[in-house]
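Chain by chain, the residues:
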Protein chains: 2
Amino acid sequence: MTVKNAFYAQSGGVTAVINASAAGVIETARQHPDRIGKVFAGHNGIIGALTENLIDTSMEPAENIAALRHTPSGAFGSCRYKLKSLEANRAEYERLIEVFRAHDIGYFFYNGGGDSADTCLKVSQLAETMGYPIQAIHVPKTVDNDLPITDCCPGFGSVAKYVATSIREAGFDVASMAATSTKVFILEVMGRHAGWITAACGLASEGEGQPPHILLFPEVRFDQDAFLARVKECVETYGYCVIGVSEGIKNIDGKFLSETGLTDAFGHAQLGGVAPTVANLVKDQLGYKYHWAVADYLQRSARHLASAVDVEQAYALGQAAVRIALEGKNAVMPAIRRLQDSPYQWDIIEAPLKDVANVEKFMPREFITEDGFHITDECRRYLSPLIQGEDYPPFVNGMPAYVQLNNHKVERKLPEFKI
Amino acid sequence: MTVKNAFYAQSGGVTAVINASAAGVIETARQHPDRIGKVFAGHNGIIGALTENLIDTSMEPAENIAALRHTPSGAFGSCRYKLKSLEANRAEYERLIEVFRAHDIGYFFYNGGGDSADTCLKVSQLAETMGYPIQAIHVPKTVDNDLPITDCCPGFGSVAKYVATSIREAGFDVASMAATSTKVFILEVMGRHAGWITAACGLASEGEGQPPHILLFPEVRFDQDAFLARVKECVETYGYCVIGVSEGIKNIDGKFLSETGLTDAFGHAQLGGVAPTVANLVKDQLGYKYHWAVADYLQRSARHLASAVDVEQAYALGQAAVRIALEGKNAVMPAIRRLQDSPYQWDIIEAPLKDVANVEKFMPREFITEDGFHITDECRRYLSPLIQGEDYPPFVNGMPAYVQLNNHKVERKLPEFKI
């Protein structure tokens, strides 16, 4: 059997469990020394390949690789960088092949979302287009949960658990303060185009009147009058109102609310922060005292509250990617297939990359209630399995003990390449 | 022995562990049926006493009271309401006595911060001022950690653990994205006057270059030039910069930064949100890509990440309050005394309420580094014991199982009273 080295890299916004996928890839590759030599990780994603910034993961002790399973973020550095088409930037592809050849790389594992799947697809075609034999496998990851075919995306389940827990906790807080203080609380969550994370907030509401009372999805145009009427109704009925809002909600004209509201002291538009915009609207129109929170990176890095199902799937998909590569396949992505809702059962299937790249999966309309302000039971049946189980990281001295790898650089063999 | 009923109420901003103190009070009172009859909880703090809105906790099953130990927020409702002086509003004191007499209340337990200690002190003086015999014991609570005498305040340790963990996690996230994306991350935390929570963020940084790199305390006037220079230095040295900022920082003129920055679409001042103000400053002056988060209520309700020490102290102070009352004392607050830093050892002493009410404890200057941007080792030695240990709540179906009490109302015996 030929032994080839492997390249692994992390791409796009990181998650609480992308390193669990890295652990799945590296630990599984280490079990096949007859087929896979070293796993080189790209420093900052595909940029690491282009600039020959490679990390030799074989120098990392087994316990460090194991600790990746409970460490959030991208241990090798991630990037936001999309390869252009072969026609538009042939030099980049030639450079990739130079680097792969110099380091005897025959396997390419790319861990990312929809854009990254596109990059992975382009690499998978290098054998046809440029005559360099390589197998490219995409490992899915994205908190946005917007990849097609797979039941869900690693990273999403943990964000879902975090936002649902956080809005439940904040809801308890507001409930106890509402008589004389805050009556409206607004939590802003991620998901610029797809409302999956906003929907997950809804899991905290398990009975009539339980917060959150209102969800604002990017899929539903923001109707100010209907919204204000609902807030008023909640405060009058329950004494308070808790709202989960996507950073990506748009007004009736299709403009992002976050871009319409605020200007700073210098007169510049204030980017981000739809929560304060909505809060001010409530204050101006209804006069209620409010508080708001913006979870931002906290939600996608909260490994301390990861979903055990999410961690398990992230690791299993990393494992599966190596298995699939060893079966000689190319241009595929291991994906989760749901077999049963409750108790959740799933297995792993293979999705052709051409059906994954650049395809966004939005919330189905039947997951959103008719009034547009909450999730349906069908949505709950979909979401609930994804937040099951707790997988706490170890704590040392009161703080989560996340690993920082040594990240030994591989010696460069090629001249510099500017990207 | 005479049997008297007890009144217990929660006051001010709630915390992740104030209900643990409630459990301490109620469970301990239940062990002394020869001295304490029923514990009546005030619905929404002292307002419950004034309006005769009393909750009969004896109707609540033992397992619900036990579950308060792991449930955040104020289970009986809290309030922001300060009794005026006897001279200014004698009617309120007369009403309190009417209600206490009608329900045979001889013990008054008030669970709150500095303002609430003042209320408790006034009630403790009812025997002298109005001839009604009552023992008033204050149970300390406040995330702001600004009560005097006690080593720390229940509620603070859990916020400290939450913000330190969250900023570490977000720091890992930014570190992996910084090459091609976000370079500066800002987390806004509570503490309008005292920088204890901001200081707690600093616990995440355990070695050179580890985030957070900059802390902005309310005790230190915000020096824009020095701040920007430090941000630039961090980005150039470490590749990124993570900042923890108190909601209460003030500029050189002594104005809250959160009140100087933003106006909304309607031209109104945007309240709150110092993080976006600082972020915009960084963007304008240095051009770095940024993200920001505002933790708001999430930080003080995050029971899922409570400090075990904090929970234990909150419960123990509730227990101690009952013990002290049974010893016949009045106008005192059980307080934590630190015996040793590491391993943390503490016991409970009694603080006279007159020394507690309306006194704020600020961060000592020697807890802040000379440049004003971080915490000293002395500060770490103080803070670190308070975040030790994890005390996870039970989870059911992937979500924390917090108790919602039945809160049986006591039948009213008196005419209505308007506050």
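Procedures and definitions
Residues numbered from 1 in each chain as written. Chains lettered and ligands numbered in written order. Predicted model: local features only at pLDDT ≥ 70, side-chain atom pairs only at ≥ 80, totals over all residues. Heavy atoms only, no water. UniProt positions renumbered as here; feature names shortened; annotations may be inferred. Helix = DSSP H or I, 4+ residues; strand = E, 2+ residues; numbered from the N terminus. Rg over C-alpha atoms; globule rule 2.2 N^0.38 Å. Contact = heavy atoms within 4.5 Å. Areas by Shrake-Rupley, 256 points an atom, 1.4 Å probe, with all protein chains shown as cover. Lys, Arg positive; Asp, Glu negative; His and termini not counted. Charge placed at Lys NZ, Arg CZ, Asp CG, Glu CD. Buried < 20%, exposed > 50% of the residue type's maximum accessible area, 1.4 Å probe, protein only. Buried area = accessible area lost by both parts, 1.4 Å probe. Salt bridge = Lys/Arg side-chain N within 4 Å of Asp/Glu carboxyl O. Polar contact = N/O pair within 3.5 Å; in protein donor to acceptor, adjacent residues only side chain to side chain. Nonpolar A, V, L, I, M, F, W, Y, C, P; charged D, E, K, R; others polar. Axes fitted to C-alpha atoms, helices over the stretch in contact; angles between N-to-C directions. Parallel < 35°, antiparallel > 145°, perpendicular 65-115°, else oblique. Domains from an automatic or database assignment. Left-handed = near helix turned anticlockwise from the far one by under 90°.

- Looking at an unreviewed UniProt entry, one finds chain A named Pyrophosphate--fructose 6-phosphate 1-phosphotransferase and attributed to Halopseudomonas salina.
- Under Catalytic activity (unreviewed entry), UniProt gives the following word-for-word description of chain A: "beta-D-fructose 6-phosphate + diphosphate = beta-D-fructose 1,6-bisphosphate + phosphate + H(+)".
- Per UniProt, chain A carries the Cofactor (unreviewed entry) text "Mg(2+)".

### Considerations on the overall build of chain A
- When helices and strands are counted, chain A shows 13 helices and 13 strands.
- For chain A, whose C-alpha radius of gyration is 23 Å, the value lies close to the compact-globule estimate of 22 Å for 419 residues.
- With the C-alpha coordinates of chain A rotated into their principal frame, the extents come out at 70 × 45 × 40 Å.
- The long-range share in chain A, meaning contacts at least 24 apart out of those at least 6 apart in sequence, stands at 77%.
- Carbon and sulfur atoms provide 48% of the accessible area of chain A, an area that totals close to 14300 Å².
- Here chain A carries 39 positive and 50 negative side-chain charges, and the mean point of each set is 4 Å from the other.

### A short note on the side chain of A:Ser73
- Here A:Ser73 shows up in the loop between helix H3 (62-67) and helix H4 (90-102).
- We classify A:Ser73 as buried; its relative accessible area is 3%.
- Setting aside its immediate chain neighbours within four residues, A:Ser73 contacts A:Val14, A:Thr15, A:Ile18, A:Asn19, B:Phe172, B:Asp173 and B:Ser176.

### Section: the interface of chain A and chain B
- Opposite the 83 residues of chain A that make contact, chain B presents 83 residues.
- Buried surface at the junction of chain A and chain B, both sides included, amounts to about 6500 Å², of which 57% is carbon and sulfur.
- Applying the counting rule to chain A against chain B returns 2 salt bridges.
- Across the pair B:Arg300 and A:Asp173 runs a salt bridge, and its minimum N-O distance is 2.7 Å.
- Put simply, chain A and chain B have 31 residue pairs in polar contact (both at pLDDT 80 or more) between them.
- Mapped by element, the contributors of at least two residues to the side of chain A that touches chain B are helix H7 (156-177), strand S6 (184-189), helix H10 (274-286), strand S9 (290-294), helix H11 (297-301) and strand S13 (399-400) of chain A.
- It is H7(A) that provides the largest number of residues to the side of chain A that touches chain B, a total of 13 residues.
- Among the residues forming the side of chain A that touches chain B, the class breakdown is 39 nonpolar, 32 polar and 12 charged.

### Considerations on the packing of helix H9 (residues 224-238) of chain B against helix H10 (residues 274-286) of chain B
All names here are of chain B.
- It is at 11 Å that the axes of H9 and H10 come closest, and there the two elements cross at 70°. Between H9 and H10, the angle is such that the two are roughly perpendicular. In this structure, H9 contributes Gln-224, Phe-227, Leu-228, Val-231 and Lys-232 to the contact, and H10 contributes Val-278, Leu-281, Val-282, Gln-285 and Leu-286.
- Looking at the contact of H9 with H10, its residues break down into 7 nonpolar, 2 polar and 1 charged.

### Structural notes on the domain arrangement of chain A
All names here are of chain A.
- Taken as a whole, chain A is organised into domain 1 (4-141 + 303-358 + 389-400) and domain 2 (156-301).
- Taken over C-alpha atoms, the centre of domain 1 sits 34 Å from the centre of domain 2.
- Across the boundary between the two partners, domain 1 contributes 15 residues, which contact 8 residues of domain 2.
- In total, domain 1 and domain 2 occlude about 840 Å² of area from one another, counting both sides; carbon and sulfur atoms represent 51% of this.
- Together, Val-14, Leu-305 and Asp-310 form the three largest contributors to the area buried by domain 1 at its contact with domain 2, with a combined 48%.
- Viewed at the interface, domain 2 and domain 1 are joined by 1 salt bridge.

### A short note on the pattern of salt bridges
Residue and element names in this part refer to chain A.
- For the coordinates displayed, the defined rule picks out 40 salt bridges over all chains.
- Between Glu-390 and Lys-161 there is a salt bridge, with its nearest N and O atoms 2.8 Å apart. You can see Glu-390 sitting in the loop between helix H13 (377-383) and strand S12 (395-396) and its partner Lys-161 sitting in helix H7, a full 229 residues away along the chain.
- With relative accessibility at 29%, the residue Glu-390 sits in the partly exposed group.

### Quick look at the packing of helix H1 (residues 18-30) of chain B against helix H12 (residues 308-326) of chain B
Residue and element names in this part refer to chain B.
- Axis separation between H1 and H12 bottoms out at 7 Å; the angle between their running directions is 35°. In this structure, H1 crosses over H12, and the sense of that crossing is right-handed. Of the residues in H12, those in contact with Ala-20, Ser-21, Ala-23, Gly-24, Val-25, Glu-27, Thr-28 and Ala-29 of H1 are Val-311, Ala-314, Tyr-315, Gly-318, Gln-319 and Val-322.
- Residues belonging to the contact of H1 with H12 are distributed by class as follows: 8 nonpolar, 5 polar and 1 charged.

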